[in-house]
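Next come the chains, spelled out residue by residue.
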Amino acid sequence: MLKRHIQSDIQTYLQHFPSLLITGARQVGKSTLALNLGIDNYVTLDDIATYQSAKNDPKGFIKSLSTPVIIDEVQRAPEIFISIKEAIDQDRSPGRFVLTGSSNLQGFRNLSDSLAGRIGIVDLYGLSLSEIYQSDLSLIDALFSADELKQPAVTDVTENILKGGFPEIQTLPNAKTRLLWFTSYIRTYIERDLHDISTIRNLDNFMRLYLALALRSGNLLNKADIGRDCQTDSKSLDNYLSILNNTYQVRLLKPYFNNELKRLVKMPKVYMLDSGILCHLLKITDLTELATSAGKGLIYETFVLSELVKAISYAEKPVDISFYRTSDGKEVDFILDNGHSLVIIEVKAAHSVTAADFKHLRYFIDAHSKPVQRAIVLYAGERILPFGEHDGVALLAVPLGFLAGSQ
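Residues numbered from 1 in each chain as written. Predicted model: local features only at pLDDT ≥ 70, side-chain atom pairs only at ≥ 80, totals over all residues. Heavy atoms only, no water.

Re the overall build of the chain
So, step 1. When you go through the chain residue by residue, the secondary structure sums to 16 helices and 14 strands.
So, step 2. Taking 407 residues into account, the globule formula puts the C-alpha radius of gyration at 22 Å, and the chain, at 22 Å, falls close to it.
So, step 3. With respect to the three principal axes, the spread of C-alpha positions in the chain is 65 × 50 × 45 Å.
So, step 4. Put simply, the chain has 407 residues, and 56% of those count as buried.
So, step 5. Counting only contacts in the chain whose residues sit at least 6 apart along the sequence, the fraction spanning at least 24 positions is 72%.
So, step 6. Split by element, the accessible area of the chain, about 18,000 Å² in all, is 48% carbon and sulfur. (Helix = DSSP H or I, 4+ residues; strand = E, 2+ residues; numbered from the N terminus. Rg over C-alpha atoms; globule rule 2.2 N^0.38 Å. Buried < 20%, exposed > 50% of the residue type's maximum accessible area, 1.4 Å probe, protein only. Contact = heavy atoms within 4.5 Å. Areas by Shrake-Rupley, 256 points an atom, 1.4 Å probe, with all protein chains shown as cover.)

A few points about the sheet that holds strand 8 (residues 269–272)
So, step 1. Taken together, the three strands give an open sheet; going across it, the order is 6-8-7, and neighbouring strands pair in antiparallel fashion. Edge positions in the sheet fall to strand 6 (219–220) and strand 7 (250–253), since each of these pairs with one other strand and no more.
So, step 2. When strand 7 meets strand 8, the two strands line up antiparallel, connected through four bridges. Across the sheet, Leu 253 pairs through a bridge with Lys 269, a residue of strand 8. (Pairing = 2+ DSSP bridges.)

Some remarks on the environment of Lys 59
So, step 1. Counting through the fold element by element, Lys 59 comes out in helix 4 (residues 58–63).
So, step 2. For the pair formed by Lys 59 and Ala 87, sequence separation is 28 residues and the distance between their alpha carbons is 8.8 Å.
So, step 3. Residues within four places of Lys 59 in sequence aside, it is in contact with Ser 83 and Glu 86.

Description of the layout of surface pockets
So, step 1. The volume enclosed by the largest pocket comes to roughly 560 Å³.
So, step 2. Taken together, 24 residues make up the lining of the largest pocket; nearest its centre are Asp 123, Tyr 125, Arg 251, Ile 312 and Ser 313.
So, step 3. Listed by contribution, the elements that provide at least two residues to the lining of the largest pocket are helix 1 (7–16), strand 5 (119–123), strand 7 and helix 15 (296–313).
So, step 4. Looking at the lining of the largest pocket residue by residue, the class counts come to 15 nonpolar, five polar and four charged.
So, step 5. Put simply, the second largest pocket is a space of about 350 Å³.
So, step 6. Taken together, 17 residues line the second largest pocket, and the ones lying closest to its centre are Gln 27, Val 28, Gly 29, Thr 32 and Pro 167.
So, step 7. Tallied by class, the residues present in the lining of the second largest pocket amount to six nonpolar, five polar and six charged. (1 Å grid on protein atoms, 1.4 Å probe; cavity = no way out; pocket = protein on both sides within 12 Å on 5 of 7 lines; lining within 4 Å. Points joined across faces, edges and corners; volume = space filled by probe spheres on them. Nonpolar A, V, L, I, M, F, W, Y, C, P; charged D, E, K, R; others polar.)

Quick notes on empty space enclosed by the protein
So, step 1. As enumerated under the stated definition, the model contains five cavities of 30 Å³ or more in all.
So, step 2. One number sums up the size of the largest cavity: a volume of about 140 Å³.
So, step 3. Forming the boundary of the largest cavity are 15 residues, of which Ala 25, Phe 166, Tyr 248, Leu 273 and Asp 274 lie nearest the centre.
So, step 4. Among the residues making up the lining of the largest cavity, the classes are represented as nine nonpolar, four polar and two charged.
So, step 5. The computed volume of the second largest cavity comes to approximately 90 Å³.
So, step 6. Leu 162, Ala 175, Arg 178, Leu 179, Phe 182, Gly 276, Cys 279, His 280, Ile 284 and Thr 285 are the residues that line the second largest cavity.
So, step 7. Where the lining of the second largest cavity is concerned, the elements lending two or more residues are helix 9 (175–197) and helix 13 (275–281).
So, step 8. Among the elements that take part in the lining of the second largest cavity, helix 9 stands out by supplying four residues, more than any other.

Some thoughts on the sheet that holds strand 5
So, step 1. Ordered in space as 2-3-4-1-5, the five strands form an open sheet in which the pairing is parallel. Since the sheet does not close on itself, it has two edges, and those belong to strand 2 (41–44) and strand 5, each with one partner. Sheet twist, expressed as the mean angle between neighbouring strand axes with direction ignored, is 15°.
So, step 2. Judged from the three bridges that link them, strand 3 (residues 69–72) and strand 4 (residues 97–101) form a sheet pairing that is parallel. Each residue of the ladder has a partner; that of Ile 71, found in strand 4, is Leu 99.
So, step 3. Helix 5 (residues 80–90) contacts strand 1 (19–23), strand 3 and strand 4 of the sheet and is inclined by roughly 165° relative to strand 4. (Axes fitted to C-alpha atoms, helices over the stretch in contact; angles between N-to-C directions.)

Digging into the nonpolar core
So, step 1. Phe 334, Leu 336 and Ile 345 are the most contacted members of the largest nonpolar core, which totals 96 residues.
So, step 2. The dominant element in this core, judged by the number of residues it contributes, is helix 15, at nine residues.
So, step 3. Setting aside chain neighbours within four positions, we find Leu 336 in contact with Ile 140, Leu 143, Phe 144, Leu 308, Ile 312, Val 319, Asp 320, Ile 321, Ser 341, Leu 342, Val 343 and Ile 345. (Core = buried A, V, L, I, M, F, W, Y, C linked by side-chain atoms within 4.5 Å.)

Some thoughts on helix 10 (residues 203–215)
So, step 1. Taking 1.5 Å per residue, 13 residues should reach 18 Å; helix 10 reaches 18 Å between its end C-alpha atoms and fits that length.
So, step 2. Of all the residues in helix 10, the buried ones are Asn 205, Phe 206, Leu 209, Tyr 210, Ala 212, Leu 213 and Ala 214. (Expected span 1.5 Å × (residues − 1).)

Brief notes about unusual backbone geometry
So, step 1. In this chain, Thr 67 is followed by Pro 68 through a cis amide linkage whose omega measures 5°.
So, step 2. Residue position: Pro 68 is located in the loop between helix 4 and strand 3.
So, step 3. Despite not being glycine, Gln 231 shows a phi value in the positive range, around 55°.
So, step 4. For Gln 231, the location among the structural elements is in the loop between helix 11 (223–230) and helix 12 (234–246).
So, step 5. The class for Gln 231 is exposed, based on a relative accessible area of 60%.

Looking at the packing of aromatic side chains
So, step 1. If you walk through the whole model with that rule in mind, you get 13 aromatic pairs.
So, step 2. Pairing Phe 166 with Trp 181 gives two aromatic rings, centres 5.3 Å apart and planes at 50°, and the pair type is tilted. With Phe 166 in the loop between helix 8 (158–163) and helix 9 and Trp 181 in helix 9, this pair connects stretches of sequence that are 15 residues apart.
So, step 3. Using a relative accessible area of 11% as the deciding quantity, one classes Trp 181 as buried.
So, step 4. With a centroid separation of 6.0 Å and 40° between ring planes, the pair formed by Tyr 189 and Tyr 210 is classed as tilted. Of this pair, Tyr 189 sits in helix 9 while Tyr 210 sits in helix 10, and the two are 21 residues apart along the sequence. (Phe/Tyr/Trp six-rings, centres within 6.5 Å; stacked < 30°, edge-to-face > 60°.)

Right, dumping it as structure tokens:
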């Protein structure tokens, strides 16, 4: 099993909380991670008899388990949370229950906040580049560090963009096999996860929305346009978006707001959370198709968003991520904010960078008083290149390969 950066956080949770929830999209490695925690007792709600017991007698089901125990696929029977709470109130020993689920807590139906203070929650995403290449890079911590960024060890990440971050996809030998895997994944997601956590009355409309969001990944979320194109009313659209967000298929990115700047666009952006799924939905199956795609820039931007979201989940300190865009089109793809300073990032699919590529980063620095730690253009080249300073902020062109770790 590849080492996951989140493992140290999981061990900390197990030492302090009586229960732990590892949540994330289907097939990102939740069960594998849980099964490597050294816990012998394991049950899965994928087993029909186990599922029926948990649904029909949740209290008796939890009492029947020897702890510590792993309970896999808990989104299938959210009724057991109340019984877990009762068991914990009788014995608050740390590390008793390790739960995995394919939806975040907001996505579980009829789930109260009864486990507040009793449960640690870990969001697990697909493999990051640094996990695929097994480097020890903590991307967010490195970006906010005062240390100089090191030259990357990886020079080309286009294959990684095409594959995305699902662990199993990394081992598949060719485009045809990956096509079959992604097709099966989407079908399983619809048949299993959506059935477990939601009631969707019109599956055709839902799938139209799923594809429409892929086509718009990296763009502003205009609900009126999407609703019209997908023939979906606003209430259903909000419900579908909530489901896709709660099951880790999409991420809505809020705009950066600063009281000094009154001309910001307030509409969020929408991103697919896995570039492999995105390429599949866009029918991009090989490197040539990726290189010639009209949406290449937004695919690269989606890939970077995914890497940043993954890195934030295990960063040393909490970081907010947003985008910046004024009504007259000045835009910065990503703003990272640790509460004290900012890292601002533009993404380019090109193999070279010019000084003009930093113009919106320079505008942001001029317009905003909060300290900017770094202003970066991520690009498809091979070396970190300096582009001088602006108001004391270093301007750097940084290869996408930096996300995989340094030399």
